[in-house]
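Below, each chain spelled out in residue letters.
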Amino acid sequence: MKTVRIGTRGSALALAQARLLLEFLCERGISSEIVPIRTTGDRIQDRTLAEIGGKGLFVRELDQALRAGLCDVAVHSCKDLPMELPADLPVLGCSARENPRDVLVLPAGRTAWDRARPVGTCSPRRSVQLKRYSPGIAIEPVRGNVESRLRKLDGGAFGALVLAAAGLRRLGLAARISRYFSAEEMTPAPGQGALCVQGRAGEDYGYLSDFFDRAVMAAVRAERAFAAAIGGGCASPAGAFAQVCEGELHLLAFAADADGGFRRRALCGAADAPERLGEALARRFQEGGAAE
């Protein structure tokens, strides 16, 4: 078999995630290599994602590389994928999920949260929920990779950051986590903590089947279906988290509107119809039936 070229963004976190697939292939005697590709989203760090075009800026160049044959697969954080995906570049599957929750990170050496200083996050989803968790807190945007955000935090620019547990854990930085938010306190972004592999339609990727987790894929499909139906993107305050329990899919979601309304609700359904569950929960929100 030819060498499998794994396309990925070039950040430390993206490379660490790509190495998970590299190690899987190596263990099975399949030659593979990582092909780092710099994306527009990585180059522009002085504006929020909503200002520069959304999550698609993290995948556009990877899509182009796949189409051009510069790589055979691309590894993404599921939460970075836009809701609309090209038919010729399908998601092949999702791997086992790292902890999907958001976490509070304090400056190095601090054990108490200084709420007089701003919290750093660019996520409308996190901002809305954080204001409910800690009313009156100041929130300021922070862009950049995990390491640069931590440097800004430790340099005194913020009293705390809200980050994804998965990224810190995959980088070996779990010790920086001060507090894990529950999914009810801070509902994660759709796909948070999960890795997905994208490929070219019509090609044989059977050698990846054992890398994928069917339960995680069902959960991610339900989360993304909810977000797509509710109109959630990088600028929309919405979150969703699903998991399979005893053959049933449990979906928790929240959404906020322009008038400040905040709604969180859960729904259970068949694990083999994840999109139907996500869309059904979105309809309840749209019909005004969702409640705290």
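In this text the structure is predicted, and so the values were computed from the model without any measurement.

Undergrad: Describe the overall build of the protein, and please don't skip the residues or the numbers.
TA: The secondary structure content of the protein amounts to nine helices and 13 strands. Relative to its 292 residues, the protein shows a buried fraction of 50%. Carbon and sulfur atoms form 49% of the exposed surface of the protein, whose accessible area is close to 12,900 Å².

Undergrad: Would you mind going over the sheet that holds strand S11 (residues 238-245) in detail, with residue names and values included?
TA: What the three strands build is an open sheet, ordered S11-S12-S13; its pairing is antiparallel. Two strands bound the open sheet, and with one partner strand each, they are S11 and strand S13 (262-270). Each neighbouring strand pair of the sheet contributes to a mean axis angle of 15 degrees, computed without reference to strand direction. One ladder, built from nine bridges, connects strand S12 (residues 248-256) with S13; its direction is antiparallel. Note on S13: the bridge partner recorded for leucine 251 is leucine 267. Strands in contact with helix H8 (residues 214-230) are S11 and S12; relative to S11, the strand with the most contacts, it is inclined by about 150 degrees.

Undergrad: Outline the nonpolar core, supporting the account with residue identities and numerical values.
TA: Judged by nonpolar contacts, the single largest core of 16 residues is most densely connected at Phe226, Ala242, Leu249, Leu251, Ala253, Leu281 and Phe285. Within the residue set of this core, elements represented by two or more residues are H8, S11, S12 and helix H9 (274-286). Here the element with the most residues in this core is H9; it accounts for five residues. Ile6, Phe24, Ile30 and Val197 belong to the second-largest nonpolar core, a separate cluster that totals 14 residues.

Undergrad: Break down the environment of isoleucine 30 for me, with residues and values.
TA: Within the secondary structure, isoleucine 30 is located in the loop between helix H1 (12-27) and strand S2 (32-36). With relative accessibility at 13%, the residue isoleucine 30 sits in the buried group. Placed 29 residues apart in sequence, isoleucine 30 and methionine 1 show a C-alpha to C-alpha distance of 7.2 Å. Among residues more than four places away in sequence, those in contact with isoleucine 30 are Met1, Val4, Leu25 and Tyr207.

Undergrad: If you had to explain the sheet that holds strand S9 (residues 177-180) to someone new, which residues and values would you point to?
TA: In space, the five strands of this open sheet follow the order S7-S6-S8-S5-S9, with mixed pairing throughout. The sheet is open, and its two edges are formed by strand S7 (139-140) and S9, each paired on a single side. As judged from the two bridges shared by strand S6 (residues 119-120) and S7, these two strands associate in the parallel manner. By the bridge assignment, valine 119 is partnered in S7 with isoleucine 139. Running over the sheet, helix H5 (residues 124-133) touches strand S5 (102-105), S6, S7, strand S8 (160-164) and S9 and is turned about 125 degrees from S8.

Undergrad: Could you give an account of helix H4 (residues 60-68), naming the residues involved and the relevant values?
TA: Here H4 has its buried residues at Glu61, Leu62, Asp63, Ala65 and Leu66. Backbone geometry just downstream of H4 places glycine 69 in the positive-phi region, at approximately 80 degrees.

Undergrad: Go over the pairing of S11, please, and point to the residues and values.
TA: Sheet topology places S11 next to S12; eight bridges connect them, and they run antiparallel. The residue bridging valine 244 from the neighbouring strand is leucine 249, located in S12. The turn linking S11 back onto S12 is made up of two residues, and glutamate 246 within it adopts a positive phi angle of 50 degrees.

Undergrad: Outline the pairing of S5, supporting the account with residue identities and numerical values.
TA: Regular strands have side chains that alternate between both faces of the sheet. Both faces of S5 are covered, namely the face carrying Asp102 and Leu104 and the face carrying Val103 and Val105. Where S5 and S8 come together, four bridges link them in antiparallel fashion. Each residue of the ladder has a partner; that of valine 105, found in S8, is leucine 161. Inspection of the sheet shows S5 paired to S9 by three bridges, in the antiparallel sense. Across the sheet, residue valine 103 finds its bridge partner in S9, namely tyrosine 180.

Undergrad: Quick one: what's the story with the packing of H8 against H9, residue by residue and with numbers?
TA: One way to put it is that H8 packs onto H9 with a least axis distance of 7 Å and a crossing angle of 35 degrees. When you trace H8 past H9, the crossing you get is right-handed. Only Pro274, Glu275, Gly278, Glu279, Leu281, Ala282, Phe285 and Gln286 of H9 make contact with H8, whose side of the interface consists of Ala218, Arg221, Ala222, Ala225, Phe226, Ala229 and Ile230.

Undergrad: Any chance you could break down the packing of aromatic side chains for me, citing the residues and the numbers?
TA: Scanning the model with the defined rule gives six aromatic pairs in all. A ring pair is formed by phenylalanine 211 and phenylalanine 212, whose centres lie 6.0 Å apart and whose planes are at 65 degrees; its orientation type is edge-to-face. When the centroid spacing of 5.2 Å and the interplanar angle of 70 degrees are considered together, the rings of phenylalanine 226 and phenylalanine 285 count as edge-to-face. In this pair, phenylalanine 226 is assigned in helix H8 and phenylalanine 285 in helix H9, connecting sequence segments 59 residues apart. Each member of the pair, phenylalanine 226 together with phenylalanine 285, is buried. An aromatic cluster is present here, built from Phe24, Phe211 and Phe212 joined pairwise through their rings.

About the criteria used
- Every chain is numbered independently, its residues counted from 1 as its sequence is written.
- The model is predicted, so local features are restricted to residues of pLDDT at least 70 and side-chain atom pairs to those at 80 or more, both for listing and for counting; the totals for chains, interfaces and linings are taken over all residues.
- The basis for every side-chain value is the complete set of non-hydrogen atoms in the structure, without hydrogens or water.
- The secondary structure listing takes helices from DSSP runs of H or I that are at least 4 residues long and strands from runs of E that are at least 2 residues long, numbered from the N terminus.
- Type-normalised accessible area, obtained with a 1.4 Å probe on protein chains alone, sets the label of each residue: buried when under 20%, exposed when over 50%, and partly exposed for intermediate values.
- Here the Shrake-Rupley method, with its probe set to 1.4 Å, supplies the accessible areas, and only the displayed protein chains count as covering residues.
- Strands are labelled as partners when DSSP assigns at least two bridges between them.
- With axes taken as lines fitted to C-alpha atoms, and helix axes fitted only over the stretch in contact, angles between N-to-C directions fall between 0 and 180 degrees.
- Note on definitions: a residue-residue contact is assigned when non-hydrogen atoms from the two residues lie within 4.5 Å.
- Residues belong to a common nonpolar core when they are buried Ala, Val, Leu, Ile, Met, Phe, Trp, Tyr or Cys residues joined through side-chain atoms within 4.5 Å.
- In this scheme the handedness of a crossing depends on how the near helix is turned from the far one: anticlockwise by less than a right angle means left-handed, clockwise means right-handed.
- Note on aromatic pairs: the rings of Phe, Tyr and Trp (six-membered ring only in Trp) are paired at centre separations within 6.5 Å, and the planes decide the class, stacked below 30 degrees, edge-to-face beyond 60, tilted for the rest.

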